[in-house]
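Listed below, chain by chain, are the residues.
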Amino acid sequence: MRRALITGITGQDGSYLAELLLEQGYEVHGLVRRSSTFNRARIDHLRTDRRFRRRFHLHYGDLSDADSLHEAVRRTQPHEVYNLAAQSHVGISFRQPTYTADVVALGTLRLLEAVRQLAPEARFYQASSSELFGKAPEVPQSEKTPFHPRSPYAVAKLFAFWATVNYREAYGLFACNGILFNHESPRRGENFVTRKITKAVAEFATGRREEPLALGNLEARRDWGFAGDYVRAMWLMLQQTTPDDYVIGTGETHSVREFCQLAFAEVGIKLTWQGTGAEERGLDEVTGKVLVVVDPRYFRPAEVELLQADPRKAQKQLGWQPTVSFPELVRLMVRADLQQLASTTPEG
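The structure reproduced in this document is the subject of the present report. Just so we're clear, the structure is a prediction, and the values are computed from it rather than from any experiment.

On to the layout of surface pockets. Its boundaries defined by the atoms lining it, the second largest pocket holds a volume of some 200 Å³. As for the second largest pocket, its lining consists of Thr-10, Asn-39, Arg-40, Ala-41, Arg-42, Pro-186, Arg-187, Arg-188 and Arg-195. When the residues that make up the lining of the second largest pocket are grouped by side-chain class, the tally is two nonpolar, two polar and five charged.

Right, here's the structure in full:
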């Protein structure tokens, strides 16, 4: 039975990846941080599922603590290691650059070193990011596009990317970088813009929200896909005969404004826009109620305007294709938030 070790297993990608591997018969070990509160809602169903619970194990550890990483690798002796843990919010990285660098950059290095010393035959996946491209000199971006990171998060991911390449070249590790473009799902954290939008839409639709939704740059364009599709690409990378790096995305771009329009349309609200720049507002076309406002606080010190993947290498070599379209993704997220609200009782 193949064993996999996943850091960041309680996150969106970690939970989908754990599901995929368990379905394929793996024994899955996840690394979780010790804290005063549990944050395991995304994986609770795996811990209680009769099919999986004997093959699903959690271990305490932290990317900032080399000893805990060595202990986890030593105890599990994994065949595959997926490094998904990170401080992954770009905006927060501007406010916590040192912490972001320690976890994302040096944390990856610590884990690579643990694998090199204790499980050198293991196959290693590093979660890279389209934020590496930042102010990209070309559109779309492929594996050959030069990097130009525009945030502390992206700079830390760049270190992690090259550390992974270095361990592959210097020590012969089977180590791959997945340069994943934006991928979302109902399990996305509520502080990310897509989930922030769909949660607010569900609240407006059920009468639980009055204040407008505050957003930053409405014109920022991203290549958005479904997280469940993208973890399959991670697994495929580690099943190849030789390690390599791959761009994973849909090849399409859509703006934050488009995401808003589709999300509100899902509950029967058509947005109309008034004003420009920081004064722009999104109104319900029927009632005239202000539902969306632009808030300069959410603009980044260095904006990334356009990211678009060229996934042809992954499509050809991995046989990978996305299965969920952009409109389907938005619909999926809005309906999940509506269902979640329907299952709870408003206070008072």
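Our next topic: helix H9 (residues 256-265). Listed as buried for H9 are Val-256, Arg-257, Phe-259, Cys-260, Ala-263 and Phe-264. Axial view of H9: buried residues confined to an arc of 160 degrees, hence all on one face. Of the surrounding secondary structure, the elements contacted by the buried residues of H9 are helix H7 (193-205), strand S8 (213-215), strand S12 (254-255), strand S13 (271-274), strand S15 (290-294) and helix H11 (326-342).

We now examine the sheet that holds S15. Hydrogen bonds along the backbone pair up the strands of a sheet, which may run parallel or antiparallel. If you trace the four strands from one edge of the open sheet to the other, you get S8-S15-S14-S13, paired in mixed fashion. In the strand order of this sheet, the two ends are held by S8 and S13, each with one partner. Here the strands of the sheet are splayed against their neighbours by 25 degrees on average, with no regard to which way each runs. Of the pairings in the sheet, the one linking S8 to S15 comprises three bridges and is parallel in character. Across the sheet, the residue bridging to Ala-214 is Val-293, located in S15. Lying over the sheet, H7 contacts S8 and S15, oriented at roughly 160 degrees with respect to S8. Against the sheet, H9 engages S8, S13 and S15, with an angle of about 140 degrees to S13.

What follows deals with the packing of aromatic side chains. Under the criterion given, the structure shown has twelve aromatic pairs. Consider the rings of Tyr-16 and Phe-226, whose centres lie 5.6 Å apart with planes at 75 degrees: the pair is edge-to-face. Taken together, the residues Tyr-16 in helix H1 (residues 12-23) and Phe-226 in strand S10 (residues 225-226) connect sequence positions 210 residues apart. With respect to burial, Tyr-16 and Phe-226 carry one shared label: buried. Judged by centre distance (5.4 Å) and plane angle (65 degrees), the rings of Trp-224 and Phe-259 are edge-to-face. Of this pair, Trp-224 sits in the loop between strand S9 (221-222) and S10 while Phe-259 sits in helix H9, and the two are 35 residues apart along the sequence. Each member of the pair Trp-224 and Phe-259 is classed as buried. The rings of Phe-133, Phe-147, Phe-161, Trp-162 and Phe-181 are connected pair by pair, giving a single aromatic cluster. Just above the ring of Tyr-60 sits the side chain of Arg-34; from NZ or CZ to the centre is 3.7 Å. Of note, Arg-257 hangs over the ring of Trp-273, and the distance from its end group to the ring centre comes to 4.7 Å.

So, about the nonpolar core. Grouped together as the largest cluster of nonpolar side chains are 62 residues, with contacts concentrated most on Tyr-82 and Ile-248. Examining the composition of this core, we find that eight residues originate from one element, helix H8 (residues 227-237), more than from any other. With near-sequence residues (within four places) excluded, Ile-248 lies in contact with Ile-179, Leu-180, Phe-181, Tyr-230, Ala-233, Met-237, Ala-309, Ala-314, Leu-318 and Trp-320. Within the second largest apolar cluster, 20 residues are counted, among which are Leu-69, Ala-85, Val-115 and Phe-124.

Conventions and cut-offs
Residues numbered from 1 in each chain as written. Predicted model: local features only at pLDDT ≥ 70, side-chain atom pairs only at ≥ 80, totals over all residues. Heavy atoms only, no water. 1 Å grid on protein atoms, 1.4 Å probe; cavity = no way out; pocket = protein on both sides within 12 Å on 5 of 7 lines; lining within 4 Å. Points joined across faces, edges and corners; volume = space filled by probe spheres on them. Nonpolar A, V, L, I, M, F, W, Y, C, P; charged D, E, K, R; others polar. Buried < 20%, exposed > 50% of the residue type's maximum accessible area, 1.4 Å probe, protein only. Helix = DSSP H or I, 4+ residues; strand = E, 2+ residues; numbered from the N terminus. Arc of directions from axis to C-beta. Contact = heavy atoms within 4.5 Å. Pairing = 2+ DSSP bridges. Axes fitted to C-alpha atoms, helices over the stretch in contact; angles between N-to-C directions. Phe/Tyr/Trp six-rings, centres within 6.5 Å; stacked < 30°, edge-to-face > 60°. Lys NZ or Arg CZ within 6 Å of the ring centre and 35° of its normal. Core = buried A, V, L, I, M, F, W, Y, C linked by side-chain atoms within 4.5 Å.

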